[in-house]
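Below are the chains, spelled out letter by letter.
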Amino acid sequence: MIAQMVMTDYLPHILKCVRCGKCRIYCPVHEELKWESTSARGRVLCIRALCDGIKPTERMLQSFGTCVTCGMCTENCPSGAKADELVEVARAELVDSGYLSKEHRLLSDRVNECGNVLGEDGERLNWVPDYTPVDSADEVFFAGCMECYRFPETAADTYEILRRFGVALLPDERCCGSPLLRTGQIADAKKLIKHNIEQIHGLGARKVIVGCAGCYTTLKNDYLKYADDGIDFEVVHVSEYIVDRLDELEPHRLDLTVSYHDPCHIGRSHGIYEAPRRIIERVCELVEMEHIKSDARCCGGGGGVRIAYNDLSMALARKRLHDSPEDVDYIATPCPLCERNLRDAGGKTINLMTLLRNAL
Ligand code: SF4
Ligand code: SF4
């Protein structure tokens, strides 16, 4: 990860881009919008222009705003440029200079008001009717805003499995901060990070288990970066946690055929490809999509694009659905944001933990 610095400090990273244009083939947004400014190369050139003191134009703001931070460019860049991380740095610098779209400001307004990115004022743990707070726990499940408020049945399915192994819930979990970090709103994100770290440390938890891809990469990569006094816990993806416990769970077979969608921030960002597939293969037949693992197309939901450029987000999701075999019963994924975006584009999705829960 590139550390937090002012943008000109990133010049060595920016100069890694030799403008070969290879990323133009891989960037899903460039494939859709066609403009050079919406390829990774174009975005890095815009960042270079900002470093040279050029005032941001509308087209430049659109260039940064339309990046889904999928990491396809970084995965395939022959010279090691990390355009997705540079875009996040540019967004943060622009927010500091007063450039923040109304759609992205809505995210921080909602979080500051309700503690969640969806602007919901209901209880976050409403999906656990028998919730009893605990004073301490070795392992906790971080459910995330999307599961708590949009997929409470998924949160309940996941917790139902995890509680068999003594996993607890945080008494006052708030948004992990991912949507704010990805859109450059670092100061507000840091408040959330501080709060959640206090919650985790307050229970003495040594392990945090996460399903959502955005929450996972944020807790895994960013919490350490922004923690005032370090962190005292490890972060594991729910698929990695469960795959080692499948024998204990003894799931039965389901008469289903399922594809698997690799979320960018679990797959390309962290190399978690096998654990989710082993869970699916244990309970039903897995038929792979086209473009899998490090080559998997983005669902289109990340990087603040779903809220600010919904048409683009849906176009990317529809393209991802074309990769799915026609005769599968479901596309499984562990990330609720991928699930939501693919479902909104017409896909029949199921959360990986709900699939497993149906087999218990
Ligand atoms: S980001 Fe990498 S792949 Fe894209 S133009 Fe620059 S050097 Fe080439
Ligand atoms: S992260 Fe994805 S959307 Fe952004 S520039 Fe790279 S390939 Fe394009």
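Residues numbered from 1 in each chain as written. Chains lettered and ligands numbered in written order. Predicted model: local features only at pLDDT ≥ 70, side-chain atom pairs only at ≥ 80, totals over all residues.

Draft legend 1. Looking closely at the packing of helix 12 (residues 186-203) against helix 13 (residues 213-226). Two elements in contact, helix 12 and helix 13, have axes separated by 10 Å at closest approach and are oriented at 95°. As far as their axial angle goes, helix 13 and helix 12 are roughly perpendicular. Together, Lys 190, Ile 193 and Ile 197 of helix 12 and Asp 222, Tyr 223 and Tyr 226 of helix 13 make up the contact between the two elements. (Axes fitted to C-alpha atoms, helices over the stretch in contact; angles between N-to-C directions. Helix = DSSP H or I, 4+ residues; strand = E, 2+ residues; numbered from the N terminus. Parallel < 35°, antiparallel > 145°, perpendicular 65-115°, else oblique. Contact = placed C-beta atoms within 7 Å.)

Draft legend 2. Representation of the environment of Leu 170 in the model. Mapping Leu 170 onto the fold places it in the loop between strand 2 (168-169) and helix 11 (178-182). With 24 C-beta atoms counted inside 10 Å, the residue Leu 170 sits in the buried group. Separated by 138 residues in the primary sequence, Leu 170 and Glu 32 place their C-alpha atoms 41 Å from one another. (Buried ≥ 20, exposed ≤ 12 C-beta atoms within 10 Å, placed from the backbone.)

Draft legend 3. Focus on the domain arrangement of the protein chain. Here the protein chain is described as being made up of domain 1 (7-96), domain 2 (102-243) and domain 3 (249-358). Listed by partner, the interface residues are six residues for domain 1 and five residues for domain 2. By residue class, the composition of the side of domain 1 that touches domain 2 is three nonpolar, one polar and two charged. (Domains from an automatic or database assignment. Nonpolar A, V, L, I, M, F, W, Y, C, P; charged D, E, K, R; others polar.)

Draft legend 4. The site of ligand 1, seen in detail. The full set close to ligand 1 counts 15 residues, and Cys 17, Cys 20, Cys 23, Arg 41 and Cys 77 are the nearest of them. Broken down by element, the residue count for the shell around ligand 1 peaks at three residues, all from helix 4 (residues 40-51). (Near = placed C-beta within 6 Å.)

Draft legend 5. Looking closely at the nonpolar core. Core analysis: the biggest nonpolar cluster contains 106 residues, and Val 140, Phe 142, Ile 209 and Val 210 have the highest contact counts within it. Broken down by element, the residue count for this core peaks at eight residues, all from helix 7 (residues 83-96). (Core = buried A, V, L, I, M, F, W, Y, C linked by C-beta atoms within 7 Å.)

Draft legend 6. Structural context of unusual backbone geometry. Even without a glycine there, the phi angle at Lys 34 is positive, about 75°. Looking at the element boundaries, Lys 34 is found in the loop between helix 3 (28-33) and helix 4. Notably, His 291 is not glycine yet its phi reads approximately 60°, a positive angle.

Draft legend 7. How the structure looks around the site of ligand 2. Among the 15 residues in the neighbourhood of ligand 2, the closest are listed as Cys 27, Cys 67, Cys 70, Cys 73 and Asp 84. Elements represented by at least two residues in the shell around ligand 2 include exactly helix 3, helix 4, helix 6 (72-76) and helix 7. Split by residue class, the shell around ligand 2 holds eleven nonpolar, two polar and two charged.

Draft legend 8. Geometry of the environment of Met 146. Relative to the assigned elements, Met 146 resides in helix 9 (residues 145-149). Beyond its immediate sequence surroundings of up to four residues, Met 146 is in contact with Phe 151, Cys 212, Pro 336, Leu 337 and Arg 340.

Draft legend 9. Expanded view of the sheet that holds strand 5 (residues 257-260). One open sheet holds the four strands; their spatial order is 6-5-7-8, and the pairing between them is parallel. The strands lining the two open edges of the sheet, one partner per strand, are strand 6 (285-286) and strand 8 (349-351). Sheet contacts for helix 16 (residues 274-283): strand 5, strand 6 and strand 7 (330-333); angle to strand 5, the most-contacted strand, approximately 175°. In the packing of helix 19 (residues 336-344) onto the sheet, contacts are made with strand 7 and strand 8, and the angle to strand 8 comes to roughly 165°. (Pairing = 2+ DSSP bridges.)

Draft legend 10. Inspection of the environment of Cys 335 at higher detail. Mapped onto the fold, Cys 335 is located in the loop between strand 7 and helix 19. Excluding residues that lie within four positions of it along the chain, Cys 335 makes contacts with Cys 212, Ala 213, Pro 263 and Ile 266.

Draft legend 11. Local environment of the pairing of strand 5. Looking at chain direction, strand 5 and strand 6 are connected through two bridges and run parallel. Its bridge partner being in strand 6, Val 258 is matched across the sheet by Leu 286. As a crossover connection, the stretch from strand 5 through helix 16 into strand 6 is right-handed. The sheet contact formed by strand 5 and strand 7 spans three bridges and is parallel. The residue bridging Tyr 260 from the neighbouring strand is Ala 332, located in strand 7. (Right-handed = clockwise from strand over helix to strand, strands pointing away.)

Draft legend 12. Spotlight on the packing of helix 18 (residues 310-322) against helix 19. One way to put it is that helix 18 packs onto helix 19 with a least axis distance of 8 Å and a crossing angle of 90°. When the interaxial angle is binned, helix 18 and helix 19 end up roughly perpendicular. Residues Ser 313, Met 314, Ala 317, Arg 320 and Leu 321 of helix 18 form the contact with helix 19, whose participating residues are Asn 341, Leu 342 and Asp 344. Of the residues that constitute the contact of helix 18 with helix 19, the class distribution is four nonpolar, two polar and two charged.

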